[in-house]
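Residue-level listing of the chains:
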Amino acid sequence: MEFLKGNCYIPAPHGRLEAIHKPDGDATRAALILHPHPLHAGTMHNKVVYRTAKALQDAGYETLRFNFRGVGQSSGVYDHGVGETDDARVALDYLLEHYRRERQSEPEEVLVAGFSFGSLVGLRLGSLDQRVDRLIAIGLPARM
């Protein structure tokens, strides 16, 4: 797997995920940030998602944010949260594999943060994946 800084594409079963990866050689923790609903103009460029990623970078996290399937240059189509959870798992695999290769160690902490729809996906992923230590749910949509 080729790892890139900045804008990149992550291989996925349905093709690829468009992502922005901010590695930091001094980071001791890793964070995945998830965007709002794909059918309501949610993207990794959302202001809340961007600010969350920036705050986590400033706090010492290597960060990765990406577009769910069918958003921006990510392949695939919207899948009602099921496929998007798979996308988040693929992105988390990528982030943690990069961290391990660069540092020859595991991150001290793995965090998944999401905004709105992304918080639902993040809670699904984080509650099932034992690699995730912390969850942040911003604007959790109670009716979903």
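Remember, predicted model here, so these are calculated numbers, not experimental data.

Conventions used here
Counting restarts for each chain, with residues numbered from 1 along the sequence as it is written. Local features in a predicted model are, by the rule used here, given only for residues with pLDDT of at least 70; side-chain atom pairs are given and counted only at 80 or more, and totals for whole chains, interfaces and linings are based on all residues. Hydrogens and water molecules were not included; the side-chain quantities draw on all heavy atoms of the structure. Secondary structure follows DSSP: runs of H or I at least 4 residues long count as helices, runs of E at least 2 residues long count as strands, and numbering of each begins at the N terminus. Residue burial is assigned from relative accessible area. The probe radius is 1.4 Å, only protein chains are included, and a residue is buried under 20% of its type maximum, exposed over 50%, and partly exposed in between. Pairs of residues are marked as contacts when any of their non-hydrogen atoms sit within 4.5 Å. Side-chain atoms within 4.5 Å link the members of a nonpolar core, which is a set of buried Ala, Val, Leu, Ile, Met, Phe, Trp, Tyr and Cys residues. Any Lys or Arg side-chain nitrogen located within 4 Å of an Asp or Glu carboxyl oxygen qualifies as a salt bridge. Only the stretch in contact is used when fitting a helix axis, every axis being a line fitted to C-alpha atoms; angles between N-to-C directions are given from 0 to 180 degrees. By the definition adopted for this analysis, an angle is roughly parallel if under 35 degrees, roughly antiparallel if over 145, roughly perpendicular if from 65 to 115, and oblique otherwise. By the definition used in this description, the sense in which the near helix is turned from the far one sets the handedness, with an anticlockwise turn below a right angle giving left-handed and a clockwise turn giving right-handed. Residue classes follow a fixed rule: Ala, Val, Leu, Ile, Met, Phe, Trp, Tyr, Cys and Pro count as nonpolar, while Asp, Glu, Lys and Arg count as charged, and any other residue, Gly among them, counts as polar.

*Asks:* Got a minute to help me understand the environment of Pro107 in this structure?
*Replies:* Residue position: Pro107 is located in the loop between helix 2 (82–103) and strand 5 (109–115). Judged by relative accessible area, Pro107 falls into the buried class, the value being 12%. Along the chain, Pro107 and Phe68 lie 39 residues apart, while their C-alpha atoms are 24 Å from each other. The residues touching Pro107, leaving out its near neighbours within four places in the chain, are Thr28, Arg29, Ala30, Leu96 and Tyr99.

*Asks:* Quick question: what am I supposed to make of the nonpolar core here?
*Replies:* Counting residues in each nonpolar core, the largest one holds 25 residues, and the members touching the most others are Ile10, Leu32, Leu34, Leu64, Phe66, Ala88 and Leu92. Every element with two or more residues in this core is listed here: strand 1 (6–12), strand 2 (15–22), strand 3 (29–34), strand 4 (61–66), helix 2, strand 5 and helix 3 (117–128). The leading source of residues in this core is helix 2, at eight residues. Once residues lying within four places of it in the same chain are set aside, the contact partners of Phe66 are Leu17, Glu18, Ala19, Leu32, Ile33, Leu34, His35, Met44, Asp87, Ala88 and Ala91. Grouped together as the second largest cluster of nonpolar side chains are eight residues, Ala31, Val49, Tyr61 and Ala113 included.

*Asks:* Please clarify how the pattern of salt bridges should be interpreted in this entry.
*Replies:* Where side chains of opposite charge bring their charged atoms close, a pairing between them can arise. As enumerated under the stated definition, the model contains 10 salt bridges in all. A salt bridge links Arg89 to Asp86; the shortest N-O distance between them is 3.2 Å. Separated by three residues within a single helix, Arg89 and Asp86 lie in helix 2, roughly one turn from each other. Judged by relative accessible area, which is 28%, Arg89 ranks as partly exposed. Where Arg101 meets Glu97, a salt bridge forms, and the shortest distance between an N and an O atom there is 3.1 Å. Separated by four residues within a single helix, Arg101 and Glu97 lie in helix 2, roughly one turn from each other. The class for Glu97 is partly exposed, based on a relative accessible area of 26%. It is possible to trace a salt-bridge network through shared partners that takes in Glu97, Arg100, Arg101 and Glu106.

*Asks:* I would appreciate a short explanation of the packing of helix 2 against helix 3 in the present structure.
*Replies:* For any two helices packed against each other, one specifies the inter-axial angle together with the distance between the axes. Interaxial distance between helix 2 and helix 3 falls to 9 Å at its minimum, and their mutual angle equals 70 degrees. Between helix 2 and helix 3, the angle falls in the class roughly perpendicular. In this structure, helix 2 meets helix 3 at a crossing whose hand is right-handed. In this structure, helix 2 contributes Val82, Glu84, Thr85, Ala88, Arg89 and Leu92 to the contact, and helix 3 contributes Phe117, Val121, Arg124 and Leu125. Considering only residue class, the contact of helix 2 with helix 3 consists of six nonpolar, one polar and three charged.

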